[in-house]
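Listed here are the chains, written in short residue letters.
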Amino acid sequence: MRVVLFCHDKPGALQVRLDNRAAHLAHIESSGVVEMAGPLLTPEGQMCGSLVVLSVDDLAQAQDWAAADPYALAGLFASVTITEWKKVIG
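On a predicted model such as this, the values are computed, not experimentally measured, just so you know.

**Q** I would appreciate a short explanation of helix 2 (residues 59-68) in the present structure.
**A** An α-helix turns once per 3.6 residues; consequently, residues spaced three or four apart project the same way. All of the buried residues along helix 2 are A62, W65 and A66. Along the axis of helix 2, the buried residues cluster in a sector spanning 95 degrees; they form a single face. Where helix 2 is buried, its residues contact strand 1 (2-9), helix 1 (14-31), strand 2 (34-41), strand 3 (47-55), helix 3 (70-73) and strand 4 (77-85). Measuring from the backbone nitrogen of A60 back to the side-chain oxygen at the start of helix 2 gives 3.3 Å, which picks out D58 as the cap.

**Q** How should I be thinking about the sheet that holds strand 3 in this particular structure?
**A** Adjacent strands of a sheet form backbone hydrogen bonds with each other and so pair up, either parallel or antiparallel. Here we have four strands laid out as an open sheet, ordered 2-3-1-4, and antiparallel in their pairing. Taken across any chain shown, the strands that pair with only one partner, and hence form the sheet edges, are strand 2 and strand 4. Across the sheet, the mean angle from the axis of one strand to that of its neighbour is 15 degrees, orientation sign disregarded. In terms of strand pairing, strand 1 meets strand 4 through eight bridges, oriented antiparallel. Note on strand 4: the bridge partner recorded for C7 is V80.

**Q** It is not clear to me how the side chain of H24 should be interpreted in this structure. Could you clarify?
**A** With respect to the helices, strands and loops of the structure, H24 is situated in helix 1. On the accessibility criterion, H24 (6% relative accessible area) is buried. Of note is the side chain of H24, whose polar atom sits 2.8 Å from the side chain of D69.

**Q** Can you walk me through the pattern of salt bridges in this structure?
**A** When the charged atoms of two side chains with opposite charge come close together, those side chains can pair. Here the structure, examined in full by the defined rule, presents two salt bridges. Salt-bridge contacts for E35 lead to R2; the nearest nitrogen and oxygen are separated by 2.8 Å. You can see E35 sitting in strand 2 and its partner R2 sitting in strand 1, a full 33 residues away along the chain. The class for E35 is partly exposed, based on a relative accessible area of 34%. The partner of R17 in a salt bridge is D9, and the shortest N-O contact between them spans 2.8 Å. Pair check on accessibility: R17 and D9 agree, each one buried.

**Q** Would you take a moment to explain the UniProt feature "domain: YCII-related" (unreviewed entry) in the protein for this structure?
**A** Mapped onto this numbering, the UniProt entry annotates "domain: YCII-related" (unreviewed entry) at residues 1-86. For the annotated span residues 1-86, helix accounts for 37% and strand for 40% of the residues, and the straight-line distance between the end C-alpha atoms is 8 Å.

**Q** What am I meant to see in the nonpolar core here?
**A** The tendency in soluble globular proteins is for nonpolar side chains to be buried as a group. Counting 15 residues, the largest nonpolar core has L5, L54, V56 and W65 as its most contacted members. Broken down by secondary-structure element, the contributors of at least two residues to this core are strand 1, strand 3 and helix 2.

**Q** Explain the packing of aromatic side chains to me, please; I cannot follow it from the model alone.
**A** Two aromatic rings are characterised by how far apart their centres lie and by the angle between their planes. The tally for this structure, following the rule as stated, stands at one aromatic pair. With a centroid separation of 6.1 Å and 85 degrees between ring planes, the pair formed by Y71 and F77 is classed as edge-to-face. Neither Y71 nor F77 differs from the other in exposure class; each is buried.

What counts and what doesn't
- Residues numbered from 1 in each chain as written.
- Predicted model: local features only at pLDDT ≥ 70, side-chain atom pairs only at ≥ 80, totals over all residues.
- Heavy atoms only, no water.
- Buried < 20%, exposed > 50% of the residue type's maximum accessible area, 1.4 Å probe, protein only.
- Helix = DSSP H or I, 4+ residues; strand = E, 2+ residues; numbered from the N terminus.
- Arc of directions from axis to C-beta.
- Contact = heavy atoms within 4.5 Å.
- Polar contact = N/O pair within 3.5 Å; in protein donor to acceptor, adjacent residues only side chain to side chain.
- Pairing = 2+ DSSP bridges.
- Axes fitted to C-alpha atoms, helices over the stretch in contact; angles between N-to-C directions.
- Salt bridge = Lys/Arg side-chain N within 4 Å of Asp/Glu carboxyl O.
- UniProt positions renumbered as here; feature names shortened; annotations may be inferred.
- Core = buried A, V, L, I, M, F, W, Y, C linked by side-chain atoms within 4.5 Å.
- Phe/Tyr/Trp six-rings, centres within 6.5 Å; stacked < 30°, edge-to-face > 60°.

Here it is as structure tokens:
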């Protein structure tokens, strides 16, 4: 199943994001379940969140992946929404 994570950063937390970016990218690479991912951007082009598409067996696996994300462990996110997603185009 595919699952989408919409993660919104806490206000003023850009430095937390930058400080943990390498570990976050390593988590993505090593997990083997990320189909695509990238930062959400403000109108000025500043990173302010993340969108991650996972290919997992069940919702619990997605929740575990999200909980182990170095960004989450660093307290970066104000909110995280995890929802099943059906790919139709692309």
